[in-house]
Amino acid sequence: MRFQKHSLNYFPKMNSTIFSLFSLFFLCTHIVSSSPNKIIPRLSPLLGTILRDEAHDTIPASIPAELKTYFYTQTLDHFNYKPESYATFQQRYVVNSNYWGGANTSAPILAYLGAEAPLDGDLTGVGFLTDNAPRFKALVVYIEHRFYGQSVPFGKLEDVLKNDSVRGYFNSAQAIADYAEVLLYLKRNLSAQHSPIIVIGGSYGGMLAAWFRLKYPHIALGALSSSAPILYFDDITPQNGYYSIVTKDFKEASESCAETIRESWSQIDELVSKTSGLSILSQKFKTCKELNKSSELKNYLEYIYDVVAQYNHPPTYPVNVVCGGIDGAPKGSDVLSRVFAGVVAYKGNKSCYDTNEYNYPSSTNLGFSWQTCTEIVLPIGRGINETMFPPAPFDLNSFTEDCRRAYGVSPRPHWVTTYYGGHDIKMVLHKFASNIIFSNGLKDPYSSGGVLEDISDSVLAVYTVNGSHCLDILPAKQSDPQWLIMQRKREVEIMEGWIDNYNADLLVFKQYISMS
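Below is a short write-up of the structure. (Residues numbered from 1 in each chain as written. Predicted model: local features only at pLDDT ≥ 70, side-chain atom pairs only at ≥ 80, totals over all residues. Heavy atoms only, no water.)

### What about the overall build of the chain?
The helix and strand tally for the chain stands at 18 helices and 10 strands. Looking at the chain as shown, the accessible area adds up to about 20800 Å², and 52% of this sits on carbon and sulfur atoms. (Helix = DSSP H or I, 4+ residues; strand = E, 2+ residues; numbered from the N terminus. Areas by Shrake-Rupley, 256 points an atom, 1.4 Å probe, with all protein chains shown as cover.)

So, in structure tokens, the structure goes:
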């Protein structure tokens, strides 16, 4: 294959306390695991990707002509030398060379690290790379995460997850080693050994971008880690961090709306305790199928509240839409009627509402269920009277039993912080890290587990008070508010500084070599 000090007063400083990364319990995609009997959170930059994944299992996205798809023959096991470790599979990556200045000019490479979904939706849904490629004269590369989309080793994921000898290779360390192989292959193939690479990712992919820079600093010059809850492991972040921000978002939109939601859970329980209560509840919320238990409705409502908070993007601001429906219900409406009015405002006026619409199993959901049952253990939960939700504490023992029943393995809840770090993050990153941007929006529930203050001159936190999940890496729009424009501008300027410093060092290096 061939192809031709950063502070802004606009961004208020946070207190030194780094809030715990809530556990996105229902957020980006409620995974109905084939295993654990509870819904497990999945992270994703794109709400649309989540909905399509859950409804259809694949994303029939049309890929723009400038994007060229390739497959790399990838090593199954990067860390062992057993005969089976040398097995290979085909890993998808996509390249846009339209804006690249070429290897002769050491023009940079912007590499998007795929996460827990097929790559298709990100190719058009994540706009930061193509929006800024002309400015950087950059080659743009998207790499799909192993075991997702078209990069599943040895068949369908549903079958692979039943294979004890293969599914163990499904983890983040193997994934970022994949990215290293693909990126080095591209640089060799394009004779672009002096082209600096900046890796970019959002949510779980943002974690991967930060971890990649830490583990492979000789490959990536820097990383943009968007909405990455890298501190939502162990006990670094309070369990209720995520739901506390969801609650805060609703209270800021409307105190009465948040209070109505808080009251609704006991109202549901009270109605269900009566004769034909479930039938009445089904009629009241116009469910497509009669409810078998109240938790079906509660989970559906929780999911809506979590999603609108996490993806509370301008200009529609869906939290305001839901609260507008709740507060705007006809005068004299009871609590549950007001809650239903919020559902209608967000979902539209339908003949019925499918309370399972977010819970259909897909290969993507099954994949992240495996990951959360092994290493990505996010202790998301909430106690009594801590949020507008009923109590639902995270219990590691119960979670472990669920995972054992599903896969025959126990989670390793401390492995992420052992392998990548997390505790004493300020000291660790200050001593051992450089050139990482941690970007967040404080209305994103995941920001509770994000890095929210500068660690050093080159490990920087760029956040906005009104921002939501991965908003900064979505395509720029004319309707974008000024604070979002400024956030992206600052990120680009930081990256330009990295590249300028790299080019200055490269020039000195070349002069030294020529004199030797």
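So much for the structure itself; the text now carries on.
### Considering the state of the cysteines
By the definition in use, this model includes 3 disulfides. Between the sulfur atoms of Cys373 and its disulfide mate Cys403 the distance is 2.0 Å. On the sign convention where negative is left-handed, the bridge of Cys373 and Cys403, at about -85° about the S-S bond, is left-handed. With Cys373 in the loop between helix H14 (363–372) and helix H15 (396–407) and Cys403 in helix H15, this pair connects stretches of sequence that are 30 residues apart. Since its relative accessible area comes to 0%, Cys373 is described here as buried. (Disulfide = S-S within 2.5 Å. Buried < 20%, exposed > 50% of the residue type's maximum accessible area, 1.4 Å probe, protein only.)

### Here's the deal with empty space enclosed by the protein
Taken as a whole, the second largest cavity encloses approximately 60 Å³ of empty space. For the second largest cavity, the full set of lining residues is Ala210, Trp211, Leu214, Ile230, Tyr420, Gly421, Ile425, Val428, Leu429 and Phe438. Listed by contribution, the elements that provide at least two residues to the lining of the second largest cavity are helix H7 (204–215) and helix H17 (425–432). (1 Å grid on protein atoms, 1.4 Å probe; cavity = no way out; pocket = protein on both sides within 12 Å on 5 of 7 lines; lining within 4 Å. Points joined across faces, edges and corners; volume = space filled by probe spheres on them.)

### Description of the nonpolar core
Of all hydrophobic cores here, the largest spans 108 residues; its most connected members are Val199, Trp211, Phe212, Phe250, Leu301 and Tyr305. Sort the elements by how many residues they give to this core and helix H11 (residues 294–310) lands first, with 9 residues. Residue contacts for Phe212: discarding those within four places in its chain leaves Leu113, Ile176, Tyr179, Ala180, Leu183, Val199, Pro217, Ile219 and Ala220. Of all hydrophobic cores here, the second largest spans 33 residues; its members include Leu46, Phe136, Val462 and Trp483. (Core = buried A, V, L, I, M, F, W, Y, C linked by side-chain atoms within 4.5 Å. Contact = heavy atoms within 4.5 Å.)

### Side note on the packing of H11 against helix H13 (residues 335–347)
One can describe the packing of H11 onto H13 by two numbers: an axis separation of 12 Å at closest approach and a directional angle of 55°. Compared by their axis directions, H11 and H13 come out oblique. In the crossing of H11 with H13, the sense of the turn from one axis to the other is left-handed. Contact residues: Tyr300, Leu301, Ile304, Tyr305, Val307 and Val308 in H11; Val339, Val343, Tyr346 and Lys347 in H13. (Axes fitted to C-alpha atoms, helices over the stretch in contact; angles between N-to-C directions. Parallel < 35°, antiparallel > 145°, perpendicular 65-115°, else oblique. Left-handed = near helix turned anticlockwise from the far one by under 90°.)

### Re unusual backbone geometry
Residue Pro315 follows Pro314 across a cis peptide bond; omega there is 0°. Position of Pro315 among the secondary structure elements: in the loop between H11 and helix H12 (318–327). Non-glycine residue Phe154 carries a positive phi angle of around 65°. Secondary-structure assignment places Phe154 in the loop between strand E6 (139–143) and helix H4 (157–160). Within the chain, Asn435 stands out as a residue other than glycine whose phi angle is a positive 55°. Within the secondary structure layout, Asn435 lies in the loop between H17 and strand E9 (436–441). A residue is classified by how much of its surface remains accessible, and Asn435, at 13% relative accessible area, is buried.

### Describing the pairing of strand E8 (residues 222–226)
Among the 5 residues in E8, 5 count as buried, and that is most of the element. The side-chain alternation of E8 yields two buried faces, one formed by Gly222, Leu224 and Ser226 and the other by Ala223 and Ser225. One ladder, built from 5 bridges, connects strand E7 (residues 197–202) with E8; its direction is parallel. Following the sheet pairing, Gly202 is matched in E8 by Ser226. Note that E8 and E9 share 4 bridges and pair parallel. Paired with Ser226 across the two strands is Ser439, which belongs to E9. (Pairing = 2+ DSSP bridges.)

### Here's the deal with the pattern of salt bridges
All chains considered together, the criterion is met by 18 salt bridges. For Arg262, the salt bridge goes to Glu259, with nearest N and O atoms at 3.6 Å. On the criterion of helical spacing, the pair formed by Arg262 and Glu259 is a turn pair, its members being 3 residues apart in helix H9 (residues 255–272). You can call Arg262 partly exposed: its relative accessible area is 28%. Lys426 is the partner of Glu453 in a salt bridge, and the nearest nitrogen-oxygen pair spans 3.6 Å. (Salt bridge = Lys/Arg side-chain N within 4 Å of Asp/Glu carboxyl O.)

### A closer look at the environment of Gly222
Within the secondary structure, Gly222 sits in strand E8. As for Gly222 and Ile200, which are separated by 22 residues in sequence, their C-alpha atoms are 8.8 Å apart. If sequence neighbours within four positions are ignored, Gly222 has contacts with Ile197, Ile198, Val199, Arg213, Asn435 and Trp498.

### Brief notes about the packing of aromatic side chains
Applying the stated criterion across every chain, the model contains 24 aromatic pairs. Relative to Tyr446, the ring of Tyr242 has its centre 5.3 Å away and its plane inclined at 65°; by these criteria the two rings are edge-to-face. In this pair, Tyr242 sits in helix H8 (residues 241–253) while Tyr446 sits in the loop between E9 and strand E10 (459–464), placing the two residues 204 residues apart along the sequence. Both residues of the pair, Tyr242 and Tyr446, count as buried. Geometrically, the ring pair formed by Tyr419 and Tyr420 is edge-to-face, given 4.8 Å between the ring centres and 85° between the ring planes. (Phe/Tyr/Trp six-rings, centres within 6.5 Å; stacked < 30°, edge-to-face > 60°.)

### Things to note about the side chain of Asp480
Assignment of secondary structure puts Asp480 in the loop between E10 and helix H18 (482–515). The class for Asp480 is buried, based on a relative accessible area of 12%. Of the polar contacts made by the side chain of Asp480, one reaches the side chain of Arg488; its length is 2.7 Å. Beyond its immediate stretch of four places on either side in the chain, Asp480 contacts Pro475, Ile485 and Arg488. (Polar contact = N/O pair within 3.5 Å; in protein donor to acceptor, adjacent residues only side chain to side chain.)

### A few points about the environment of Thr247
Structurally, Thr247 is set in helix H8. Since its relative accessible area comes to 5%, Thr247 is described here as buried. The sequence separation of Thr247 and Ile261 amounts to 14 residues, and the corresponding C-alpha distance is 9.7 Å. Residues contacting Thr247, with those up to four places away along its chain left out, are Thr387, Met388 and Phe389. Reaching out from Thr247, the side chain makes a polar contact with the backbone oxygen of Tyr243 at a distance of 2.9 Å.

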